[in-house]
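Chain by chain, the residues run as shown.
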Amino acid sequence: LSDDGLPGKQFDYMLSNPPFGVEWKKIQKEIKKEHEQDGFNGRFGPGLPRVSDGSLLFLMHLISKMRPTKDGGSRFGIVLNGSPLFTGNAGSGESEIRRYVLENDLLEAIIGLPTDMFYNTGISTYIWIVTNRKPQHRKGKVQLIDASAMWQKMRKSLGSKRKELSDDHIAEITRLFGEAKKVTVKGVPISRIFKTTDFGYQTIIVERPLLTKNGQPQLETKGKRKGQPKPDSKLRDSEEVPLGEDVDEYFQREVVPHVPDAWIDHDKTKIGYEIPFNRHFYVFKPPRELDEIDTELKGVTDRIVAMIGELSQ
């Protein structure tokens with residue numbers, strides 16, 4: 001990251017399994033210099049993630065190595081942990097990087113893998129498939145595939161790696177990706193298709209007036225809001241509005257009925273992007289009947305009483 005070993009080189013295909021959640025404080029000076037001086041002519045134009053996790057730096061490094069679309073384009077796969085999917089609020093470095101990837105229609109698919117797939121960690125991991133040569137039926141869309149249940153137990157564990165994909169699992173994931181369709185198995189979603197804009201949102205700042213001791217709004221005495229109510233920072237709140245929805249309509253519907261004196265500070269509105277992968281594959285399971293739980297608890301209690309009775313004999 002701090003010393004590009006392949007400056008100016010571009011490729012048709014790339015694969016990467018970078019370290020998860022690596023801190024980049026030691027190379028922060030070099031990275032920031034490239035970001036600020038080279039901008040989009042360098043590797044880190046869209047933004048910089050927090051210094052405690054450099055995962056998205058590796059993603060941008062690969063994006064910079066993609067062969068231009070006019071020359072045939074490129075596709076790459078990179079394995080990342082869950083953090084790059086959602087870490088960072090609107091306007092943050094992470095959100096701005098996701099925004100760049102999605103607004104430029106580079107993200108083709110994300111595949112959620114099983115846990116315990118890697119030697120040094122048991123956390124959930126995800127394969128990002130990124131390309132600048134999407135076929136027509138994929139343009140403006142992103143496919144999410146949940147392959148977390150596709151695994152077989154290894155005969156012998158290797159550190160934290162206890163699971164692996166069989167040839168059949170790999171073939172199934174490849175088929176799901178190739179077909180690029182919504183797939184549900186026994187009511188459980190496996191593959192879903194979204195518009196790139198589905199992952200965007202607008203964070204709006206909702207202000208309420210600062211009141212005098214008499215309960216009247218204090219008014220601004222200068223500036224462009226002269227004569228209008230001063231905002232009370234203690235009552236300031238925020239709302240996230242889906243990217244495709246009109247902010248003012250949302251505000252009138254969701255906010256005004258509860259706080260009629262509120263207003264939006266439009267100067268502070270920010271656009272953000274996140275990919276809440278697990279939320280899109282959540283399936284509600286109704287809780288068991290109360291009678292069933294009571295019966296089970298009574299059985300456990302009776303066994304405990306019997307065990308205590310045996311100890312006292």
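Bear in mind that the values here come from a model prediction, so they are computed numbers and not experimental data. (Residues numbered from 1 in each chain as written. Predicted model: local features only at pLDDT ≥ 70, side-chain atom pairs only at ≥ 80, totals over all residues. Heavy atoms only, no water.)

Turning our attention to the nonpolar core. Ranked by size, the top nonpolar core spans 34 residues in total, and within it L59, F76, L107, I110, W128 and L144 carry the most contacts. Of all the secondary structure elements, the ones that give two or more residues to this core are α2 (55-64), β2 (75-81), α4 (93-103), β3 (107-112), β4 (125-131) and β5 (141-146). Counting residues per element, this core draws most heavily on α2, at seven residues. One finds I204, V241, V259 and A262 within the second-largest nonpolar core, a separate group that totals eleven residues. (Core = buried A, V, L, I, M, F, W, Y, C linked by side-chain atoms within 4.5 Å. Buried < 20%, exposed > 50% of the residue type's maximum accessible area, 1.4 Å probe, protein only. Helix = DSSP H or I, 4+ residues; strand = E, 2+ residues; numbered from the N terminus.)

Let us look at helix α6 (residues 247-254). Every buried residue belonging to α6 is among V247, Y250 and F251, and all of these are buried. Looking down the long axis of α6, one finds its buried residues gathered within 100° of arc, a one-sided arrangement. With respect to the buried face of α6, the exposed residues turned more than 90 degrees away are E249 and Q252. Elements that come into contact with the buried residues of α6 comprise β10 (200-207), β11 (237-242) and β12 (263-264). (Arc of directions from axis to C-beta. Contact = heavy atoms within 4.5 Å.)

With that settled, consider the sheet that holds β2. Sheets are built from strands that pair by backbone hydrogen bonding, the pairs being arranged parallel or antiparallel. If you walk across this open sheet you meet the seven strands as β1-β2-β4-β3-β5-β9-β8, and the pairing is mixed. Each end of this open sheet is capped by a strand with a single partner; those strands are β1 (13-16) and β8 (183-185). Averaged over neighbouring strand pairs, the angle between their axes works out to 15° when direction is ignored. Sheet strands in contact with α2 are β1, β2 and β4, and its direction is about 175° off that of β2. Against the sheet, helix α5 (residues 167-179) contacts β3, β4, β5, β8 and β9 (188-195), and its axis sits at roughly 160° relative to β5. (Pairing = 2+ DSSP bridges. Axes fitted to C-alpha atoms, helices over the stretch in contact; angles between N-to-C directions.)

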